Every structure is written in structure tokens, then in C-alpha cells.
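# Reading the structure
Single-letter residue listing:
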Amino acid sequence: MKNLSNNFKLRFTVPLLLMATLGLWACKKNFMDAHPYGQYATEQIQTKAGIDIVLIGAYGAIDGESQFKYGENWFATATNWVFGDIASDDTYKGTDANDQPLMTAVEIYNWLPNNSSFMTRWTAIYDGIAKANTTLKLLASTKEVNPSEVTEAYEKEIKAECRFIRGWQHFEAKRMWNNIPYMSDTTTVPDNTAAGNADNVWKLIEADFQFAYDNLPADGKQSAPGRPNKWAAYAYLGKAKLYQGLYAEALPIFTKVINEGTTWDGTPYALLPAYWQNFDARYKNKSESVFAIQYAASGSQEGDGSRGYGLAFPYGGDFGCCGFMQPSVNLVNSYQTDANGLPKANPQNTPVKNDQGIKSDEPFTLGTENMDPRVDWSAGRRSVPFYDWGPHPGYLWIRDQGYAGPFSPKKHIYSQADKAEGLIATGWRNVTSKNYNAMRFADVLLMAAECEVEAGSLANAQKYVDMVRKRAEDPGSWVKDSPAKYVIKTYAEAGDVTTFADKAKAREAVRNERRFELAMEGSRWFDLMRYSVPNGPTPTYLEDVLNAYVSKEKDLRGYLKSANTVGTKNHYYPIPEREITLAKGTLKQNDGY
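Summarised in this report is the structure supplied together with it. (Residues numbered from 1 in each chain as written. Predicted model: local features only at pLDDT ≥ 70, side-chain atom pairs only at ≥ 80, totals over all residues. Heavy atoms only, no water.)

## Brief notes about the overall build of the chain
- In terms of regular secondary structure, the chain is built from 20 helices and six strands.
- Taken across its 593 residues, the chain has 61% of its residues classed as buried.
- Across the chain, contacts joining residues at least 24 apart in sequence account for 71% of those joining residues at least 6 apart.
- For the chain, the computed accessible surface area is about 22,200 Å², with 54% contributed by carbon and sulfur atoms. (Helix = DSSP H or I, 4+ residues; strand = E, 2+ residues; numbered from the N terminus. Buried < 20%, exposed > 50% of the residue type's maximum accessible area, 1.4 Å probe, protein only. Contact = heavy atoms within 4.5 Å. Areas by Shrake-Rupley, 256 points an atom, 1.4 Å probe, with all protein chains shown as cover.)

## Quick look at the nonpolar core
- Grouped together as the largest cluster of nonpolar side chains are 155 residues, with contacts concentrated most on Trp81, Trp168 and Tyr573.
- Among the elements that make up this core, the one with the highest residue count is helix H7 (residues 152-177) (eleven residues).
- Discounting residues that sit within four places of it in the chain, Tyr573 has contacts with Phe83, Ala87, Val106, Trp111, Phe118, Met176, Trp177, Trp525, Asn590 and Tyr593. (Core = buried A, V, L, I, M, F, W, Y, C linked by side-chain atoms within 4.5 Å.)

## What to know about the environment of Val375
- Among the secondary structure elements, Val375 is positioned in helix H12 (residues 375-378).
- When its relative accessible area of 0% is taken as the criterion, Val375 is described as buried.
- For the pair Val375 and Ala519, spaced 144 residues apart in sequence, the C-alpha to C-alpha distance is 8.8 Å.
- In contact with Val375, not counting residues within four places along its chain, are Val332, Tyr335 and Arg381.

## With respect to the packing of helix H16 (residues 458-473) against helix H17 (residues 503-518)
- Interhelical geometry of H16 versus H17 gives an angle of 25° and a closest axis separation of 11 Å. One way to sum up the angle between H16 and H17 is to call them roughly parallel. Crossing angle aside, the handedness with which H16 passes H17 is left-handed. Contacts from Leu458, Val465, Val468, Arg469 and Arg471 of H16 reach H17 at Lys503, Ala506, Val510, Glu513, Phe516 and Glu517.
- Tallied by class, residues from the contact of H16 with H17 come to six nonpolar, no polar and five charged. (Axes fitted to C-alpha atoms, helices over the stretch in contact; angles between N-to-C directions. Parallel < 35°, antiparallel > 145°, perpendicular 65-115°, else oblique. Left-handed = near helix turned anticlockwise from the far one by under 90°. Nonpolar A, V, L, I, M, F, W, Y, C, P; charged D, E, K, R; others polar.)

Below, the structure written as C-alpha cells:
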């Protein structure tokens, strides 16, 4: 396929290709035969160029944001900061009490099918599925009428890419709603609901990922970053099995990805040298990137930037808006370590000192607690350098400390250097070029560790956890010139001989490590949900964790006193009411809604 520029998101080239195609068509056709503006007859795009155009549209829909105006894309975005972070114990909605009440409803577990935020995400996902299927249909029809345009190798690759996209979008829907329709390119009738078997969707998702793995280039290389290679497909096949609690089936997949997998350009998968490099636009698509949503923003061009994060920036400083997605006290407390540099037992009983209620012009000294250094990349804390903006000033950057606490998000926020180098938009600066790592190699290592625990291979699980901790231990991963006291070691270096000698303790250690490593990256609620699979070892994990969280945090965040008790129904979100109505009996609402 055509090699697309690494500096722009794939969909950015669509208007240019469309104009080129239209120009060629206009030269060859009498103007009296023109179709209505904005529409293309099928025969106009039954070419390789036409297929490429439509495929790029399918890639452009992966982020979930493109088809929505500002005000809706917060919920549509595939970064899942609302449904993966705010619904968890990692993050408060933030800002103040009156802003975005639909988001507040998500945070306090008042989940109703008529909450339009669910419909927004549903629409984004199924729009992406439709675009992948449209590409497959166009590929088939073009091969039929213009066979010279579709070589065997080209057909194989396009099918594989489309089926990855379709599988990925269905995977996103499945983990949100469970009882979903599966839409293929060969029928408009949902493949699962017609048979009354929603569980079959997992097999269909697996089949898409398996096909992509089998048919994407064997050397693992791709023409451009952002296009999945065979190893991304295989890693997602493993993740789909993990969500079903099929640990024994997922383990050999993850092991193969770890030992043989490569990035889009053939670089072997590896952790980046420094933790913070995962959140720096200068290091995107490097050795740790398994599958990333590509973002680009420069000058007035912001449509290809990370618009879905727009609200989730500090309220003050260069950012100005809007104070959402504030890290929770619970999350920051969890990063405490003991004298041996391992996670501290019961960290919520010894809260980390913070500047709650202290204005920025009033004195404050950071606490001396032992901390995992990843805390200060996950949360902006007063006195700790916030990238190159200087020490976080605390109160001045928070919209309402009394409502949503003293911390700011950080991983997706831009630096002064980003601004100087043109890596953000000049209109709304909260649109950046930072990719969203939908899956990175640390994620794969820790998913493999989970499977090793359930297989009883606890030493292997410790090996993977220690690989992740070793990177965090390197001072190159720490916030430079931070006044915080960073103390972290691997389990092996700490001489710990008990944690990974006991299956239950090892399981919890792996789960904690995922939280430390992946906080504020849209994964926490989904992890809690899948830890609670009915056939797994901890079927009530989600409700146990979140009810304990609310019970403690409601004394700090008064609005959480109105939170609903989390129960079995909260293992999935409610299917949008409108979709239930339109389905006319073929789509069943999730239990409890």
C-alpha cells in the first residue's frame, strides 16, 4: 500500500485523495453526466485508489472522535478516559459540580440507558465497523468488475487490515456492553442476535484477529505506523481470550508476542528505556508501541489531533481549560512503597500528604513518603516539576479543589517544548500530537504475567512484573529534580520470597502493577471488570474494589455520598435505549437496566 506520511494521521490524506480522484474523473467524463456533489457512484471508486480512500476512512474512525462535534467527542473517544478512568477508582470526573452532568452520572454509577454518553460511544464504534465493512464490500465488487485493480497480494492485505479494524471495534463494544450485535460485511442482520447467542461474538472477534494475524505481512512490517501488523493482531487475539478468562489459551499467544513480536517497522518489541517516553510525541511508534491511535496537530490543523482529551487538562496555566479527569486520592495513595521498595500494604490507611485547601501563595512542603516514581507521571502534584513548566503550583491549576481534589492529569498533557516545536494546535491548544497507546509492550508483559499466575507459573509471572518495575527503578524514568522520595525495587532485588510463592498474593501483585503502570490510560475499569469474569477466581472483584473506594473517598469528595452501590449489573454498561428500540426485539438489554 501507499506509504503515508508519519507526521499526519491516516485520515488526513483522505480529502487530498478524494480531490485527486475527482479531478481525474472530471477530465474523463462529460460534465452533463455528473453525479450530485458530495456523492460518488460505486463505479467511480472501484479502483485500487478508491479502495485506499475508503480504507483510510475506516482508520480515521478508530479514534471515535472524527464524526462528532466538540461537546460529544469526550464520550466518543477511544481513549476511554470517561468509561475506563472516571468510572474507576483512579480518577474523579474533576472540574466542578455543574459541568458535564452526564459524566457525573457515569462516575457515581447512576447508569441509565437514556444517558446519551453511551449512545455517543456506541455510534462511534459501529460507525467504524460500518466503514471497515464498506471497504471489504468495495474490495469484493472491484475485484469482480475490475480484476486488474486487485492483485492477490493486495486483496489479502486489505482484507486483513479491515478485519483487524472490525475485530478491534467489536472488541471495544464487547467489553463495554457484552450483549452486542456483530456486524459483518456479508449481512445487515447481526450475526449473533439472529441466533440468540451473544456469547458467540467473542468467537467472531477472535476470528477477525486470527485472520489478520494469518494474512498480514509475514515479516511483521507495515507501510506506515498506525496500520496493524501481524503481532498487533495476535496480541489482541490474546487479549480477547483474556477477557473471557481463557488464561491457558491466551498464555502461549502472549509468550509468542513477547519472544518474537516486532513493531510496524520490524523493531523487536521492548520497553522504552524511560517510562515517560511513552507519553512524549518524539518517541511515538517506537519499540514499546503494539497498537497506537495516531494523532497529529500543528498550527491551525487540529482535526487530526487528540481532540477527545480536550476537557482533561489543568484549569490554569497555559492550558486554561477545563479541569476534568483529576487523579483520585486513592490512586496517589496506592503508589506508596515500603522500606524495601515494594508496594506498601494497605496504602489507603496512610494517605500521602497533599495540598488540599492550601492556596498556591501559601507555603507547602511535599511529604516524605516512599513513592513509586510513576506516580508523578500519572498525577500532577504540587511542588513536583510538571514537564518543563516548572513545579506544579497546586491550587491555581485546579478548578475546584473542594469538589475534585488537588491533583491534575499529566500523561497526555503537552509540554513547553511540544508547544515550541509545533506539536500542538494553535487554536485550542488542548489538541496535541501525542499518540494514544491502545496497547503497549508493558501491557503485554503484564497480561502474560496474569496468565502465568493462573497457570501456576509464579516465577514467570514475577519475571514479567520485575521487567516492568526495573524500568521504573531507573532514575532516567523519574521526574527530574523532583522533591519526592522515590524508592522502588524489583521483587527479586528486594529479596521478597513470599509474594510470588502464593497464587493469591501473586495475582494481586500483578493487578497492582497494572494499575501503577497503566494509570490514567483508559484501562482501569475494564481491568476491574475482566478480573470479575464469572468463571474466574474473583467474580466480585469489581464491586468489592469500587464499593470500598466509594466508602473511603466519599469523606473527601462529598458528591460520592450519592453514588449507587456497585453490583453485578455494573460489570457492563447499559445498552443505549435508542438501540434497543431500533432493534425491535433482536437486541436484549443487559441485566439490571
